Amino acid sequence: DPVTMETLGGVRSDAVTRAFLDEKTAHWQAHGHGMWMFDAQEDGRFIGRSLLEYIEVGGERALEVGYSVIAPAWGKGYATEMARALVAIAFSLPRVDEIVSFTWPHNVASRRVMEKAGFQYERTVAHVGQAHVVYRLRRSEFGGEPSLHVVDGSLVVK
C-alpha cells in the first residue's frame, strides 16, 4: 500500500521485502521476540505490525519499539495500543531497563503515539541517511508492571 508505506520509506521490491522478512525471522529466532502482526479485535482484520527488536540508531545499539498501521485504520488508536503493548512486553523481559522508538521529525502522528506510550523525546540523529527523532523510555519511568495473558491464541496486555 503506497500510502501506508510512505511513512516507512516507500514501497519495496519483492527482493527487498524478502530480505526484510528474512532479517525479522532471524531476529525472532535469536532473541525470542521481534515482529508481530496485529488484527482488530472486533473482526480479526489485519490492521498493522509492530516490532520489538535490537537495532543500531544514533550510534548505539538499543531495543526498539516500532509500529505501523495500515492507512484505513489511522486515527483509531491502534498504533498507541500496539506501542503500549510492546512497552509492557519489553519491560517484562529480564535485563531490559530502557527502550527507544524513533521516526522522522515531520511524522507528528507517530511522535504523538510515542508520547502517549510514555516515551520522551531525547535527540535528533542521522539514521539511514535521514534525520530521525529518538524517544526513550526507562523502566523507572514506566508506570507499573505489565500483565500479559494469552487469550484464544492472542496476546492480551492489561
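Before reading on, note that the structure itself is shown above.
Each residue is numbered by its place in its chain's sequence as written, counting from 1. Restriction of local features to residues with pLDDT of at least 70 applies here, the model being predicted, together with a cutoff of 80 or more for giving and counting side-chain atom pairs; totals for whole chains, interfaces and linings are based on all residues. Note that water and hydrogens are dropped before the side-chain values are worked out from all heavy atoms of the structure.

Draft legend 1. Geometry of helix α3 (residues 78-92). Here a helix means four or more residues in a row that DSSP labels H or I, a strand means two or more in a row labelled E, and each is numbered from the N terminus. To estimate the expected span of a helix, subtract one from its residue number and multiply by 1.5 Å. Its 15 residues give α3 an end-to-end C-alpha distance of 21 Å, which sits within 8% of 21 Å, the value for a rise of 1.5 Å per residue. Burial status follows relative accessibility: with a 1.4 Å probe on protein chains alone, a residue under 20% of its type maximum counts as buried, one over 50% as exposed, and anything between as partly exposed. Where burial is concerned, most of α3 is hidden: 12 out of the 15 residues are buried. If you check which residues of α3 are buried, you get Tyr 78, Ala 79, Thr 80, Met 82, Ala 83, Ala 85, Leu 86, Val 87, Ala 88, Ile 89, Ala 90 and Phe 91.

Draft legend 2. Looking closely at the pairing of strand β2 (residues 46-57). Along β2, nine of the 12 residues are buried, which leaves the element largely enclosed by surrounding structure. The hairpin turn running from strand β1 (residues 35-39) into β2, its antiparallel successor, is six residues long, and Gly 44 in that turn takes a positive phi close to 75°. Two elements, β2 and strand β3 (residues 60-69), share 10 bridges in a ladder whose sense is antiparallel. Bridge pairing links Ile 55 to Ala 62 in β3. Two strands qualify as a pair provided DSSP detects at least 2 bridges between them. Here β2 folds back onto β3, and the loop between the two strands holds two residues, one of which, Gly 58, carries a positive phi near 60°.

Draft legend 3. Broad picture of the pattern of salt bridges. The rule for a salt bridge is simple: a side-chain nitrogen of Lys or Arg has to be within 4 Å of a carboxyl oxygen of Asp or Glu. According to the stated counting rule, one finds 12 salt bridges in the structure shown. Across the salt bridge formed by Glu 60 and Arg 123, the nearest N and O atoms sit 3.3 Å from each other. Here Arg 123 lies in strand β5 (residues 120-127) and Glu 60 lies in strand β3, a separation of 63 residues in the sequence. Assessed through its relative accessible area of 22%, Glu 60 is described here as partly exposed. Under the relative-accessibility criterion, Arg 123 is labelled partly exposed at 27%. Glu 122 serves as the salt-bridge partner of Arg 138, at 4.0 Å between the closest nitrogen and oxygen. Taken together, the residues span a long stretch of sequence, with Arg 138 in strand β6 (residues 130-138) and Glu 122 in strand β5 at a distance of 16 residues. Among the charged side chains, a network of salt bridges with common partners joins Glu 60, Glu 98, Glu 122, Arg 123, Arg 136 and Arg 138.

Draft legend 4. Spotlight on the environment of Gly 75. Mapped onto the elements of the fold, Gly 75 is located in the loop between β3 and α3. Separated by 34 residues in sequence, Gly 75 and Ala 109 have C-alpha atoms that sit 8.6 Å apart.

Draft legend 5. Fine view of the packing of aromatic side chains. A pair of aromatic rings is counted whenever rings of Phe, Tyr or Trp (Trp by its six-membered ring) have centres within 6.5 Å, and the orientation is called stacked for planes under 30 degrees apart, edge-to-face for over 60 and tilted otherwise. In the structure shown here, the tally under the stated rule is three aromatic pairs. Taken together, a centroid distance of 5.0 Å and an interplanar angle of 75° make the contact between Trp 28 and Trp 36 edge-to-face. A centroid spacing of 5.7 Å and a plane angle of 75° characterise the contact between Tyr 121 and Tyr 135, whose relative ring orientation is edge-to-face. Of this pair, Tyr 121 sits in strand β5 while Tyr 135 sits in strand β6, and the two are 14 residues apart along the sequence. Of the residues examined, Tyr 121 reaches a relative accessible area of 42% and is grouped as partly exposed. With relative accessibility at 1%, the residue Tyr 135 sits in the buried group.

Draft legend 6. Quick peek at the side chain of Ser 50. For Ser 50, the location among the structural elements is in strand β2. Of the residues examined, Ser 50 reaches a relative accessible area of 1% and is grouped as buried. Contacts were defined at the residue level, with two residues in contact if any of their heavy atoms lie within 4.5 Å. Those residues in contact with Ser 50 that lie beyond four places of it in its chain are Gly 34, Met 35, Trp 36, Phe 38, Gly 66, Tyr 67, Met 82 and Leu 86.

Draft legend 7. Representation of the pairing of β6 in the model. Both strand β4 (residues 98-103) and β6 contribute to a ladder of six bridges, which runs antiparallel. Opposite Ile 99, over in β6, you have Leu 137 as the bridge partner. Sheet topology places β5 next to β6; seven bridges connect them, and they run antiparallel. Looking across to β6, one finds that Thr 124 is bridged to Val 133. Turn length for the β5-β6 hairpin, with the two strands adjacent in sequence and antiparallel, is two residues, and the turn residue Val 128 shows positive phi of about 45°.

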